[in-house]
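So you can see what is in the structure, the chains are spelled out below.
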Amino acid sequence: MAEPIKETREKMVETSRMPASAHDFALRDMAFSNGEKFALTHTPPQTNSCSYVFFPGCQLSGSAPDYTEKAYDFLRETFNNDVGLMLRCCGAPADWAGRKDLFAESQAEFRAEHEKLGKPKVILTCSSCYQVFQRHYPDVEIISFWDVYDQHGQFPKREFAAPVAIHDPCSTRYESHIQDSIRSILTKMGGEIQELELSREKTECCSFGGAMWLANKPVAEKVVQRRINESPLDYVTYCAMCRNFFARRGKRTTHLFDYIFGATETDLALAPAVGFSQNHENRTRLKENLLKKLWSETMPESAAFESIRLILPDDVQKQVEDRLILVEDMQKVIEHADRTGKRMFNKSTQHYLAYFKPASVTYWVEYAPQADGSFLVHKAYSHRMEIGK
Amino acid sequence: MTQYFDPAKYEGWVCADCGVPLEMGKVDISYLGNSFPVNLLKCPNCGLALIPEELALGKLAEVEKTLEDK
Ligand SMILES: [Zn+2]
């Protein structure tokens, strides 16, 4: 689905006809991942070189930081600690948005870091990353995590109440070796697989690919619903975004990692999808934990806005998630308002209202400071139009 | 210019910095090189303007989309 559209998109971007807003959220997510809150390159603990580097990608790290850590432990055990770590975004959002400039920037950064490690083989879990590496880094040797696990992993028997259906992420459509490994791992763990009519090279998109969910919401919604309706069975997938897209719509879906590293006593198909703010928070925590645990290092200094503590009631939580407003966006608004005094006040409700424009979007937050120094958020919204005098 | 929100709903808001009530006034807003005047509540002293939620999610979102598709 994404392919024929991409060329048109690149042309549109080159002639500045592509709306800035469509891919903006994904591009900012990429900037976050390649910034100091997540980006990290390290040789394995206690050594200065490595033949392999684990590249878990931003979506797995944000959705399942605990599995990411365990996957890295498994790889170090399997390859005698000869595996470094690289946390960052592969550049897919820029590629999908047709932003050659941003992609080139991300590519240059990756190449510099990869060279520092001595050009190790790159082990990938995410199928979008895999696709990007295959197309844009023909000289870099890549290995699928799933192929490694199928060969060297352990396969404790898990409880399967019924057969499961595998959803192949569309970005691994033509990677039959990965599709085989997934089926092999699942079978070894006791799973009975019922193939979806549209699987492997015929698989359907979950709407994340090409950022369709941002560029064309109504079509994306139809695409994901159609996929969900293909089978009443639980889905098993191996892409964190596919899992989130199905789970957000109530479809019972597990990530293959749930069987490998997940808790046995919980019904993981019911685990809620990870929200966008939580996804960022998880990535940062992952970096912080690994730095401390494996290398006894600490995170770089945090920015002033990060100390702003927010309280989000459930309805507001849902509102900001739907509106693609992140906790960090709201923290910046309040920090800016507090520092500059530029805000409005309502005597009858005792609420403050303030706005801030960190990049291209202006965010508004209505809030009330609490006695303990935190801020209760009543609502948040945004617009792109710029306010003059 | 047409009103896209009910100013009565926003009675009671003051500019916290200047300590004066907001008043209706003309504010220019712009996007992708196009500029429009709108009537908004703003501080008569420093010009701080209030964009209500219904305006941001309604008319502004509509205009943004039109200009992007142009
Ligand atoms: Zn003022």
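Residues numbered from 1 in each chain as written. Chains lettered and ligands numbered in written order. Predicted model: local features only at pLDDT ≥ 70, side-chain atom pairs only at ≥ 80, totals over all residues. Heavy atoms only, no water.

Enquirer: I keep staring at the pairing of strand β4 (residues 121-124) of chain A and nothing clicks. Help me out?
Expert: Along a regular strand, successive side chains alternate from one face of the sheet to the other. Residues and elements named next belong to chain A. Alignment of strand β2 (residues 52-55) against β4, held across four bridges, turns out to be parallel. Looking at β4, one finds that Phe-55 is bridged to Leu-124. Pairing of β4 with strand β5 (residues 142-144) involves three bridges; the strand directions are parallel. Bridge pairing links Ile-123 to Ile-143 in β5. This β-α-β element, β4 to helix α7 (residues 127-136) to β5, shows right-handed connectivity. (Pairing = 2+ DSSP bridges. Helix = DSSP H or I, 4+ residues; strand = E, 2+ residues; numbered from the N terminus. Right-handed = clockwise from strand over helix to strand, strands pointing away.)

Enquirer: How should unusual backbone geometry be read in this particular structure?
Expert: Glycine aside, residues mostly have negative phi, and peptide bonds are mostly found in the trans state. Phi at Gln-46 of chain A is positive, roughly 65°, even though this residue is not glycine. Its location among the elements puts Gln-46 of chain A in the loop between β1 (40-42) and β2.

Enquirer: Is there a simple way to explain the sheet that holds strand β6 (residues 164-167) of chain A in this structure?
Expert: Adjacent strands of a sheet pair through backbone hydrogen bonds, lying either parallel or antiparallel. Residue and element names in this part refer to chain A. Ordered in space as β6-β7-β8, the three strands form an open sheet in which the pairing is parallel. Each edge of the sheet is formed by a strand with only one pairing partner; in this case those strands are β6 and β8 (253-255). In this sheet, adjacent strand axes meet at a mean angle of 30° when their direction is disregarded. With three bridges connecting them, strand β7 (residues 234-237) and β8 associate as parallel partners. Each bridged residue has a counterpart across the sheet, and for Tyr-235 the counterpart in β8 is Thr-253. (Axes fitted to C-alpha atoms, helices over the stretch in contact; angles between N-to-C directions.)

Enquirer: Please clarify how the domain arrangement of chain A should be interpreted in this entry.
Expert: It is common to give the size of an interface as the accessible area that goes away when the parts come together. All names here are of chain A. When the domains of chain A are assigned, the result is domain 1 (2-288) and domain 2 (304-383). If you average the C-alpha positions of domain 1 and of domain 2, the two centres end up 32 Å apart. Taken together, the contacts link twelve residues of domain 1 with twelve residues of domain 2. Buried area between domain 1 and domain 2, both sides added, is near 950 Å², and the carbon and sulfur share of it is 52%. Taken together, the links from domain 1 to domain 2 amount to one salt bridge. Between Glu-306 and Lys-37 there is a salt bridge; the shortest N-O distance is 2.8 Å. (Domains from an automatic or database assignment. Contact = heavy atoms within 4.5 Å. Buried area = accessible area lost by both parts, 1.4 Å probe. Salt bridge = Lys/Arg side-chain N within 4 Å of Asp/Glu carboxyl O.)

Enquirer: I would appreciate a short explanation of empty space enclosed by the protein in the present structure.
Expert: Over the atoms rolls a probe the size of a water molecule, and its path tells where empty space is left. Residues and elements named next belong to chain A. Counting across every chain of the model gives four cavities of 30 Å³ or more. Within this model, the largest cavity holds a volume of roughly 300 Å³. Taken together, 27 residues line the largest cavity, and the ones lying closest to its centre are Asp-29, Cys-58, Gln-59, Phe-208 and Met-241. Considered class by class, the residues forming the lining of the largest cavity number 18 nonpolar, six polar and three charged. Here the second largest cavity defines a volume of roughly 50 Å³. What lines the second largest cavity is simply Gln-59, Leu-60, Thr-125, Cys-126, Tyr-238, Cys-239, Ala-240, His-255 and Phe-257. Looking at the lining of the second largest cavity residue by residue, the class counts come to six nonpolar, three polar and no charged. (1 Å grid on protein atoms, 1.4 Å probe; cavity = no way out; pocket = protein on both sides within 12 Å on 5 of 7 lines; lining within 4 Å. Points joined across faces, edges and corners; volume = space filled by probe spheres on them. Nonpolar A, V, L, I, M, F, W, Y, C, P; charged D, E, K, R; others polar.)

Enquirer: Sorry, what's going on with the packing of helix α8 (residues 145-152) of chain A against helix α9 (residues 176-188) of chain A here?
Expert: For any two helices packed against each other, one specifies the inter-axial angle together with the distance between the axes. Residue and element names in this part refer to chain A. One way to put it is that α8 packs onto α9 with a least axis distance of 8 Å and a crossing angle of 40°. Here α8 is positioned oblique relative to α9, judged by the angle of their axes. At the point where α8 passes α9, the crossing takes the left-handed sense. Contact residues: α8 offers Trp-146, Asp-147, Tyr-149 and Asp-150, while α9 offers His-177, Ile-178, Ser-181, Ile-182, Ser-184, Ile-185 and Lys-188. Class assignment for the residues of the contact of α8 with α9 results in five nonpolar, three polar and three charged. (Parallel < 35°, antiparallel > 145°, perpendicular 65-115°, else oblique. Left-handed = near helix turned anticlockwise from the far one by under 90°.)

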